[in-house]
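# What the coordinates show
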Amino acid sequence: MNNAQREFCTLSFSNEGLDRGAKEETFEPWDLTIANWEKEGLVTDFNEKLCVPGVPTEVGYVYKDRPIALENRYYMTMLEAPIFNLEKQLGYDPIKRMAFRIPFLSYEEQLLEDTEEYMVRRDRDGWIRKYIKNSELVIDIQPIVTDEESWEKHKAHTLEAYHKYCTDENMERLYGPYRAGNQKGDFPIRFRLMGFFWCPRDLMGVEEHLIAYYDYPEMIQDITRFQLDIYKKQMDKILKIIKPDILFFEEDLSGKNGPMLSPACFDEFVAPCYREIIPFLKERGVKNIFVDTDGDFTILIPNFTAAGVDGFLPVDVNAGVDIVEVRNRFPNVKFIGGYNKLELIEGPEAIDREFERILPVIKQGGYLPGIDHQVAPSTPYAHYLYYVKRLGEVMAQYRGENAQK
Amino acid sequence: MNLIEDISTLLQQGLTSHVKALIQQALDEKVPAKEILEQGLLGGMNIIGEKFKKNEVFIPDVILAARAMNQGIELLRPYLVAGTSADVKSKGTVVLGTVKGDLHDIGKNLVKMMMEGKGLKVVDLGIDVSVEKYIEAARKHNAQIIACAALLTTTMFHVRSIVEAVKVSTISASVKVMVGGAPVTQNFANSIGADIYATDAVTAAELALNVCTREFVA
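Attention in this report is confined to the structure presented alongside it. Nothing here was measured: the structure is a model prediction, and the numbers come from that model.

Along the backbone of chain B there are nine helices and five strands. Counted from the first residue to the last, chain B has its helices and strands arranged as α-α-α-α-β-α-β-α-β-α-β-α-β-α. The C-alpha radius of gyration computed for chain B amounts to 18 Å, which stays within 12% of the reference 17 Å derived for 218 residues, consistent with globular compactness. If one aligns the C-alpha atoms of chain B with their principal axes, the spans along those axes are about 55 × 40 × 25 Å.

Set out below in structure tokens:
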């Protein structure tokens, strides 16, 4: 059984043909956590090579020692190797993590004002922001999209970058190296796309975006139409090079008290996008389609699954989401995550108790247990290593053809 | 047609221009401004708060209703004259902000909307607020409550600093510290000695009103 088959079978509801449950992490690590672990014995060059960019962008990390060519921001495989190496070092099964990004990040950075206390800059995403010196505080001054007119300008600008950088040649150069390993199943590929709630928020700002559903509904629909058209053109080609085993849409649409939009609003603006893109992706070989919701998303599960979504991550325990209870209500929904990150801080006994809590869902299948978002910097390295060890033991003991009942 | 009820209904629907038009009509018909404010605008906002708590409405509905409320209040402001029977004193003052190192503000903004909907005055310090800034603002505005929000696991520990600083300050007898935010729990609030823990924006407003009006009565 190869690694991709193992992940696929772990996400099924059967143990047939499965040697053991896959052992994978939910998300890439938090740089502050890695920095603390380096003081506690972790030997890695992760933070030497990568950093979180000072500019708020959609890119999680960038390489410190080299400029990033624009096509690398769009056909995003550049972060795959350091994260793969770190996860391997920590004891996980291999996953290659990559993404495709619509070229919204395509403006020249421009310094607009520079004083002793702050600078004002137009960033790569077109936003204007104020950076307070000697502080990490960044204040949003003006988003790139505020109304229909600014959206049309931004759309035209993005299309220029799209035609220039999203070429067949760049696509092959950046995804092609993974073709052979993907076909052999050496590693599952976990692929990300920006979701249809997230994207207009990224362009407009949090509150302005939510109001836009009422003030500018046609514009919101035009933004998501733009996304869909580009996704379909690009993914049709990308999926001839690699076939992601899990593809997830980043939405971050809920908090502790539930989703940021109503089921009715979701059905009007977001669900149609999933109903269009999911069959398209599945016909082209994507096996599992998930949504990264954050928070308590459970009110929207029926709406998402009706639109074709297979599962959810990270299943945030501290938002009040009880994975056991949710699985009882929705027996066919799949999950990634669901393990309370705060229990890692408490130590081995708490870690074991948390595995006991989620064990019913592990046994049922359709679940890749992992941390419910990213491991907090206050987590002792020794506790995390214990968690990873126990994860492997639990997945071997309770998933697979020889699984304990 | 009951204008006050209609103002409340239209506010709940987020129809700002309609709310403003009806407020003007009510004023033209000599409806007292205080009644329009308290029963029309704040009354409608309270209903939205209750529905939000029960997941019958969602964040966009709250934001739109708050927009209608705020623009309606601006229209009424010249008529809410200090020192007259039309004067509407706030029911209390809350200093509000997201803690140092934390840039999230949607949750804080919802708290502000709900608290203003209860007739509280909210001094919004914004994001990345230092301990000193909270205390200085509470002193300056004679606040009854400092409400601090932390939305990240890494920043929630700054809340402890605020609680401790208030305890040793000259405002400790008159100011309560309220805490909340995504990673903050009742257990955490208890462990740091916070006076009040709020699970959500509506509860924060209800608890703040209780504290402020109890103090006013006292």
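Now, onward.
This part covers the overall build of chain A. Counting secondary structure elements, chain A contains 18 helices and 16 strands. Expected size for 405 residues packed as a compact globule is a radius of gyration near 22 Å; at 21 Å, chain A falls within 12% of this value. Structurally, chain A occupies a C-alpha span of about 60 × 45 × 45 Å along its principal axes. Looking at chain A as a whole, 60% of its 405 residues qualify as buried. The contacts in chain A between residues at least 6 apart in sequence include a share of 69% that link residues at least 24 apart. Entry remark: accessible area of chain A is about 16,100 Å², with carbon and sulfur atoms responsible for 50%.

Our focus in this paragraph is unusual backbone geometry. At the junction of Leu313(A) and Pro314(A), the peptide bond is cis and its omega measures out at -5° in the coordinates. Inspection of the secondary structure puts Pro314(A) in the loop between β14 (311–313) and α15 (323–329). Here Asn55(B), not a glycine, exhibits a phi torsion of approximately 60°, which is positive. Mapped onto the elements of the fold, Asn55(B) is located in the loop between α3 (33–53) and α4 (59–76).

This next bit is on the side chain of Asp93(A). All names here are of chain A. One can find Asp 93 in the loop between α5 (80–90) and β4 (96–100). Judged by its relative accessible area of 10%, Asp 93 falls in the buried class. At 2.9 Å, the side chain of Asp 93 and the side chain of Arg 20 are in polar contact. Within the structure, the side chain of Asp 93 is placed 2.7 Å from the backbone nitrogen of Lys 23, a separation counted as a polar contact.

Time to look at the sheet that holds strand β6 (residues 118–122) of chain A. The strands that make up a sheet are held in pairs by hydrogen bonds between backbone atoms, and each pair lies either parallel or antiparallel. All names here are of chain A. Taken in spatial order, the four strands of this open sheet run β5-β6-β7-β8, and their pairing is antiparallel. Of all the strands in the sheet, the pair left with one neighbour each is β5 (110–114) and β8 (138–142). The sheet shows a mean angle of 25° between the axes of neighbouring strands, taken without regard to direction. As judged from the four bridges shared by strand β7 (residues 128–132) and β8, these two strands associate in the antiparallel manner. Looking at β8, one finds that Ile 128 is bridged to Gln 142.

Take the nonpolar core next. Membership of the largest hydrophobic core comes to 171 residues, with the highest contact counts inside it found for Phe100(A), Phe191(A), Tyr274(A), Tyr387(A) and Met115(B). Ranked by residue count, the leading element in this core is helix α11 (residues 217–241) of chain A, at eleven residues. Ignoring anything within four residues of it in the chain, the contact list for Phe100(A) reads Tyr74(A), Tyr75(A), Cys166(A), Tyr175(A), Phe191(A), Arg192(A), Leu193(A), Ile230(A), Tyr231(A), Gln234(A) and Ile238(A). One finds Val95(B), Ile162(B), Val179(B) and Ala194(B) within the second-largest nonpolar core, a separate group that totals 30 residues.

Taken together, the contact pairs 23 residues of chain A with 22 residues of chain B. Between chain A and chain B lies a buried interface of about 2,000 Å² when both sides are counted; carbon and sulfur atoms form 67% of it. At the boundary of chain A with chain B, the tally comes to one salt bridge. With its nearest N and O atoms 2.8 Å apart, the salt bridge here joins Asp215(A) to Arg67(B). There are six residue pairs in polar contact (both at pLDDT 80 or more) connecting chain A and chain B. Looking at the side of chain A that touches chain B element by element, the count peaks at six residues for helix α10 (residues 206–215) of chain A. Grouping the constituent residues of the side of chain A that touches chain B by class yields 15 nonpolar, four polar and four charged.

A separate point is the environment of Arg192(A). Residue and element names in this part refer to chain A. One can find Arg 192 in strand β9 (residues 189–194). Between the C-alpha atom of Arg 192 and that of Arg 66, which follows or precedes it by 126 residues, the distance is 24 Å. Those residues in contact with Arg 192 that lie beyond four places of it in its chain are Phe 27, Glu 28, Met 98, Ala 99, Phe 100, Arg 101, Phe 248 and Glu 250. At 2.9 Å, the side chain of Arg 192 and the side chain of Glu 28 are in polar contact. A polar contact of 2.6 Å, which involves the side chain of Arg 192, links it to the side chain of Glu 250.

Over the atoms rolls a probe the size of a water molecule, and its path tells where empty space is left. Residues and elements named next belong to chain A. Scanning the entire structure with this criterion turns up two cavities of 30 Å³ or more. A volume near 130 Å³ is recorded for the largest cavity. Within the residue set of the lining of the largest cavity, elements represented by two or more residues are α2 (31–39) and α5. Here the residues of the lining of the largest cavity are counted per class, giving eleven nonpolar, three polar and three charged. Considering only enclosed or pocket space, the second largest cavity measures out at about 60 Å³ in volume.

Residue and element names in this part refer to chain B. Counting buried positions along helix α1 (residues 3–12) yields seven of ten residues, so the element is predominantly enclosed. Within α1, the full set of buried residues consists of Leu 3, Ile 4, Ile 7, Ser 8, Leu 10, Leu 11 and Gln 12. Of the residues trailing α1, Gly 14 is marked for its positive phi of about 75°.

The strand order across the open sheet formed by five strands is β2-β1-β3-β4-β5 (chain B), and the pairing between neighbours is parallel. Edge strands, defined here as strands with exactly one partner in the open sheet, are β2 (121–124) and β5 (196–197) of chain B.

As a further point, take the packing of α4(B) against helix α5 (residues 106–117) of chain B. Residue and element names in this part refer to chain B. Contact geometry for α4 and α5: axes closest at 10 Å, N-to-C directions at 50°. In terms of axis orientation, α4 runs oblique to α5. As for how α4 packs across α5, the hand of that crossing is left-handed. Along its contact with α4, which presents Ile 59, Val 62, Ile 63, Ala 66, Met 69 and Asn 70, the element α5 presents Ile 106, Leu 110, Met 113, Met 114, Glu 116 and Gly 117. Among the residues forming the contact of α4 with α5, the class breakdown is nine nonpolar, two polar and one charged.

Residue and element names in this part refer to chain A. Going through the model one piece at a time under the given rule, you end up with 43 salt bridges over all chains. Residue Arg 20 is joined to Asp 93 by a salt bridge in which the shortest nitrogen-to-oxygen separation is 2.9 Å. Within this pair, whereas Arg 20 is found in the loop between α1 (3–10) and α2, its partner Asp 93 is found in the loop between α5 and β4, the two being separated by 73 residues in sequence. The partly exposed category is assigned to Arg 20, whose relative accessible area is 27%.

Cut-offs used in this document
Residues numbered from 1 in each chain as written. Chains lettered and ligands numbered in written order. Predicted model: local features only at pLDDT ≥ 70, side-chain atom pairs only at ≥ 80, totals over all residues. Heavy atoms only, no water. Helix = DSSP H or I, 4+ residues; strand = E, 2+ residues; numbered from the N terminus. Rg over C-alpha atoms; globule rule 2.2 N^0.38 Å. Buried < 20%, exposed > 50% of the residue type's maximum accessible area, 1.4 Å probe, protein only. Contact = heavy atoms within 4.5 Å. Areas by Shrake-Rupley, 256 points an atom, 1.4 Å probe, with all protein chains shown as cover. Polar contact = N/O pair within 3.5 Å; in protein donor to acceptor, adjacent residues only side chain to side chain. Pairing = 2+ DSSP bridges. Axes fitted to C-alpha atoms, helices over the stretch in contact; angles between N-to-C directions. Core = buried A, V, L, I, M, F, W, Y, C linked by side-chain atoms within 4.5 Å. Buried area = accessible area lost by both parts, 1.4 Å probe. Salt bridge = Lys/Arg side-chain N within 4 Å of Asp/Glu carboxyl O. Nonpolar A, V, L, I, M, F, W, Y, C, P; charged D, E, K, R; others polar. 1 Å grid on protein atoms, 1.4 Å probe; cavity = no way out; pocket = protein on both sides within 12 Å on 5 of 7 lines; lining within 4 Å. Points joined across faces, edges and corners; volume = space filled by probe spheres on them. Parallel < 35°, antiparallel > 145°, perpendicular 65-115°, else oblique. Left-handed = near helix turned anticlockwise from the far one by under 90°.

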